[in-house]
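Chain residues, written in single-letter form:
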Amino acid sequence: ETAVFQTPNYHVTQVGNEVSFNCKQTLGHDTMYWYKQDSKKLLKIMFSYNNKQLIVNETVPRRFSPQSSDKAHLNLRIKSVEPEDSAVYLCASSYWGGVYEQYFGPGTRLTVL
Amino acid sequence: QQKVQQSPESLSVPEGGMASLNCTSSDRNFQYFWWYRQHSGEGPKALMSIFSDGDKKEGRFTAHLNKASLHVSLHIRDSQPSDSALYFCAASVTGNTGKLIFGLGTTLQVQP
């Protein structure tokens with residue numbers, strides 16, 4: 001099956017803990033993204049990687065750090081989570097460039113207590 | 001200020017009816033426009049793209065772009081209950097990294 005896969009589906013944690021989310025795509029794309037979708041459904045790009053190279057790095061707190069081992073995998077680590085980090089984190093992939101459709105995974109819902 | 005603005009915020013149409021969604025950009029650097037649809041509990045999925053002035057039709061969906069006014073619309077004819085979802089307009093600049101700027105979305109409810 002060709003798609004974008006994310007784990008875990010849900011994660012509940014306490015303020016100050018560290019969390020990691022995983023994303024894998026089997027579509028053969030060379031670019032991957034992390035988006036944050038807040039409680040009002042606003043979708044905002046956080047990072048994008050092209051062939052393991054960081055391309056887009058939006059203004060996000062330094063406790064967020066993406067990690068790419070190869071062009072099919074992109075992980076997101078959050079050190080010392082805050083309540084405002086509660087959101088759905090969506091991974092997407094595409095071919096390089098604005099003309100190509102982005103394929104999204106189902107998301108990881110993070111709840112910070 | 002949101003660079004991609006959508007209206008209405010929510011919309012209800014009867015089954016078989018026509019749904020019209022609007023999107024306006026405030027940035028003339030945007031060249032590529034997309035419509036994405038998100039069903040509850042899922043990630044967004046691209047419906048269609050439009051890069052040139054005029055209409056583009058794909059099945060029951062028609063997008064219209066007017067670059068001079070930076071306005072793009074989506075019309076869904078013969079709406080089905082399965083079309084009930086959150087619809088996003090998204091824009092990106094020419095030759096860029098693929099960075100998409102999303103609007104806040106329009107929630108469409110199709111009443112059976």
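Residues numbered from 1 in each chain as written. Chains lettered and ligands numbered in written order. Predicted model: local features only at pLDDT ≥ 70, side-chain atom pairs only at ≥ 80, totals over all residues. Heavy atoms only, no water.

Draft legend 1. Region of interest: the pattern of salt bridges. Evaluated as defined, the whole model comprises eight salt bridges over all chains. For the salt bridge of Asp-83 of chain B with Arg-60 of chain B, the shortest nitrogen-to-oxygen distance reads 2.8 Å. Of the two residues, Asp-83 of chain B sits in the loop between strand S8 (71-76) and strand S9 (85-93) while Arg-60 of chain B sits in the loop between strand S6 (54-58) and strand S7 (61-66), which places them 23 residues apart along the sequence. Of the residues examined, Arg-60 of chain B reaches a relative accessible area of 22% and is grouped as partly exposed. Put simply, Arg-63, Glu-84 and Asp-85 of chain A are held in one network by salt bridges that share partners. (Salt bridge = Lys/Arg side-chain N within 4 Å of Asp/Glu carboxyl O. Helix = DSSP H or I, 4+ residues; strand = E, 2+ residues; numbered from the N terminus. Buried < 20%, exposed > 50% of the residue type's maximum accessible area, 1.4 Å probe, protein only.)

Draft legend 2. Representation of the sheet that holds strand S8 (residues 73-78) of chain A in the model. All names here are of chain A. With antiparallel pairing, the four strands of this open sheet are ordered in space as S1-S3-S8-S7. Looking at the sheet topology across the chains shown, the edges are occupied by strand S1 (4-7) and strand S7 (64-70). Ignoring strand direction, the axes of neighbouring strands in this sheet form an average angle of 20°. Summarising the sheet, S1 and strand S3 (residues 19-25) pair through four bridges and their orientation is antiparallel. Within the sheet, the bridge partner assigned to Phe-5 lies in S3 and is Lys-24. (Pairing = 2+ DSSP bridges. Axes fitted to C-alpha atoms, helices over the stretch in contact; angles between N-to-C directions.)

Draft legend 3. How the structure looks around the environment of His-11 of chain A. Residue and element names in this part refer to chain A. Along the chain, His-11 falls in strand S2 (residues 10-13). Since its relative accessible area comes to 28%, His-11 is described here as partly exposed. Ignoring anything within four residues of it in the chain, the contact list for His-11 reads Val-19, Phe-21, Arg-109, Leu-110 and Thr-111. (Contact = heavy atoms within 4.5 Å.)

Draft legend 4. Region of interest: the packing of aromatic side chains. Summed over all chains, the structure comprises 13 aromatic pairs over all chains. Ring centres of Phe-21 of chain A and Tyr-89 of chain A lie 5.6 Å apart, and the angle between their planes is 40°; on these two criteria the pair is classed as tilted. Remark: Tyr-89 of chain A occurs in strand S9 (residues 87-94) and Phe-21 of chain A occurs in strand S3; sequence separation between them is 68 residues. A connected cluster of aromatic rings, assembled from ring pairs, spans Tyr-33, Tyr-35 and Phe-104 of chain A together with Tyr-32, Trp-34, Tyr-36, Phe-51, Phe-88 and Phe-102 of chain B. (Phe/Tyr/Trp six-rings, centres within 6.5 Å; stacked < 30°, edge-to-face > 60°.)

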